[in-house]
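Geometric and topological summary
Chain residues, written in single-letter form:
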Amino acid sequence: MPDEMSVRQWQEKFRAGAFARSDITTQCEAGWYDWFCQDHALAGRLKKIGRVVMGITDPFILDNYYVWFKNNCPLDGPLYDDARFEPLSGERDGKYFVVSLDSPHERFKWALVTERYGFDAPEFDCRDIREMVKYINSIGPELQQGVIPPFIAEKVAVTAYAQRRGEPESIHIYRDWNHHYSYTSWRDRRKRTVMAVTSLEDAPVGFVSEQAHSIKGMYVYCPEDAGIPLADPMLQTANKSQKRKEPER
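Cut-offs and rules
- Residues numbered from 1 in each chain as written.
- Predicted model: local features only at pLDDT ≥ 70, side-chain atom pairs only at ≥ 80, totals over all residues.
- Heavy atoms only, no water.
- Pairing = 2+ DSSP bridges.
- Helix = DSSP H or I, 4+ residues; strand = E, 2+ residues; numbered from the N terminus.
- Axes fitted to C-alpha atoms, helices over the stretch in contact; angles between N-to-C directions.
- Expected span 1.5 Å × (residues − 1).
- Bend = angle between axes of the 7 residues up to and from the residue.
- Buried < 20%, exposed > 50% of the residue type's maximum accessible area, 1.4 Å probe, protein only.
- Polar contact = N/O pair within 3.5 Å; in protein donor to acceptor, adjacent residues only side chain to side chain.
- Core = buried A, V, L, I, M, F, W, Y, C linked by side-chain atoms within 4.5 Å.
- Contact = heavy atoms within 4.5 Å.
- Phe/Tyr/Trp six-rings, centres within 6.5 Å; stacked < 30°, edge-to-face > 60°.
- Salt bridge = Lys/Arg side-chain N within 4 Å of Asp/Glu carboxyl O.
- Lys, Arg positive; Asp, Glu negative; His and termini not counted.

Judged by pairing direction, the sheet is antiparallel, and its five strands sit side by side in the order E7-E8-E9-E11-E10 without closing on themselves. At either end of the open sheet lies a strand with only one pairing partner, and these are strand E7 (174-177) and strand E10 (213-215). When strand polarity is set aside, the average angle formed by the axes of neighbouring strands in this sheet is 35 degrees.

Another aspect to go through is helix H5 (residues 129-145). With 17 residues, H5 ought to run about 24 Å at 1.5 Å a step, and its terminal C-alpha atoms sit 25 Å apart, in line with that. At Ile139, H5 shows its largest bend, some 30 degrees, and a proline, Pro141, comes one to four positions later. Buried within H5 are the following residues: Ile129, Met132, Val133, Tyr135, Ile136, Asn137, Ile139, Gly140 and Leu143. The opening residue of H5 is Asp128, an N-cap whose side-chain oxygen sits 2.8 Å from the backbone nitrogen of Arg130. Directly after H5, the chain includes Gly146, whose backbone phi takes a positive value near 70 degrees.

Moving on: the nonpolar core. Among the nonpolar cores identified, the biggest contains 54 residues, and Val52 and Phe85 are the most heavily contacted of them. If we skip the residues at most four places from it in the chain, Phe85 touches Val7, Val53, Ile56, Tyr65, Tyr66, Val67, Tyr96, Phe97 and Val99.

Before going further, it helps to examine the packing of aromatic side chains. Scanning all chains against the criterion turns up twelve aromatic pairs. Taking the centre distance of 5.6 Å and the plane angle of 45 degrees together, the rings of Trp32 and Phe69 count as tilted. You can see Trp32 sitting in strand E1 (residues 32-34) and its partner Phe69 sitting in strand E2 (residues 65-72), a full 37 residues away along the chain. Judged by its relative accessible area of 2%, Trp32 falls in the buried class.

Turning our eyes to something else, we now look at helix H6 (residues 150-164). The end-to-end C-alpha distance of H6, which contains 15 residues, comes to 22 Å, matching closely the 21 Å that a straight helix rising 1.5 Å per residue would cover. With eleven of 15 residues buried, H6 is to be regarded as a mostly interior element. Restricting attention to buried positions, one finds in H6 the residues Phe151, Ile152, Glu154, Lys155, Ala157, Val158, Thr159, Ala160, Tyr161, Ala162 and Arg164. Remark: Gly166 follows H6 within two positions and exhibits a positive phi of approximately 95 degrees.

Scanning the model with the defined rule gives 18 salt bridges in all. Here Asp176 makes a salt bridge to Arg107, at a shortest N to O gap of 2.8 Å. With Asp176 in strand E7 and Arg107 in the loop between strand E4 (97-101) and strand E5 (110-114), this residue pair connects regions lying 69 residues apart in the sequence. Residue classification places Arg107 among the partly exposed residues on the basis of a relative accessible area of 33%. Each of Arg165, Asp188, Arg190, Arg192 and Asp225 takes part in one network of salt bridges that share partners.

For Arg175, the position within the fold is in strand E7. Among buried charged residues, Arg175 stands out as having no salt bridge; its nearest opposite-charge side chain is Glu123, 4.7 Å away. Separated by 3.4 Å, the side chain of Arg175 and the backbone oxygen of Glu123 make a polar contact. Contact partners of Arg175, with chain neighbours within four places excluded, come to Arg107, Tyr117, Pro122, Glu123, Tyr135, Phe151, His180 and Tyr181.

Right, let's talk about unusual backbone geometry for a bit. Backbone geometry at Arg189 places phi at a positive 65 degrees, although glycine is not the residue there. Even without being a glycine, Lys216 presents a positive backbone phi close to 55 degrees. Along the chain, Lys216 turns up in the loop between E10 and strand E11 (218-221). Classification of Lys216 as exposed rests on a relative accessible area of 60%.

Along E2, eight of the eight residues are buried, which leaves the element largely enclosed by surrounding structure. Across the two faces of E2 the burial is the same, with Tyr65, Val67, Phe69 and Asn71 and Tyr66, Trp68, Lys70 and Asn72 all buried. Sheet topology places E1 next to E2; two bridges connect them, and they run parallel. Across the sheet, residue Asp34 finds its bridge partner in E2, namely Lys70. Of the pairings in the sheet, the one linking E2 to strand E3 (residues 80-87) comprises eight bridges and is antiparallel in character. Looking across to E3, one finds that Asn72 is bridged to Tyr80.

Listed below in structure tokens is the structure:
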């Protein structure tokens, strides 16, 4: 792994031009750990992905994290880069996060995947780097205090809802905005928009309380599946158990 200098120290070195040279030694010192692009391309790529590091102003992230970089080669699509933020303490404890740039796997140019939200989909994604650094700086106090934001429980409920609709455990649940989530069904490839709230008093516009389901302590409503009965989780469990007991033919 690269040297574990703090993000603040990394910023100081970047401003001083310490990572400007394109030789491998310099770029490894900058934090590159793995890459598939040509060696001489790393310096240019660092300037682009490094913008998100330079935008960080939150004191906790600046002084309690180090950053390293990876150039990724997907099975389908162009190479893309990400910046990975690890706690200097060596213990992730739900605080690890990754920012990717131009990933063919993601919906938008910038995507933030966090350990606390899960690695199936971004906690936040956007087209503008200013929005990304603003969001990262806003979660600094939560990471410092170990705060679990309400949308984590909402995602759990939405995931449970999707599974009761017959989706696999690996379904990607995207967080669109407050109380709003979405996923693409593996069954019919159609997008589902799902809203989740702890109280009906907090229900957003378009939330039809009469058609909502009570799941995992949340009220969950999906307009695309409104009126369609929801599978009984106990029956689903029984069916799975029965299938496991059936002898092979």
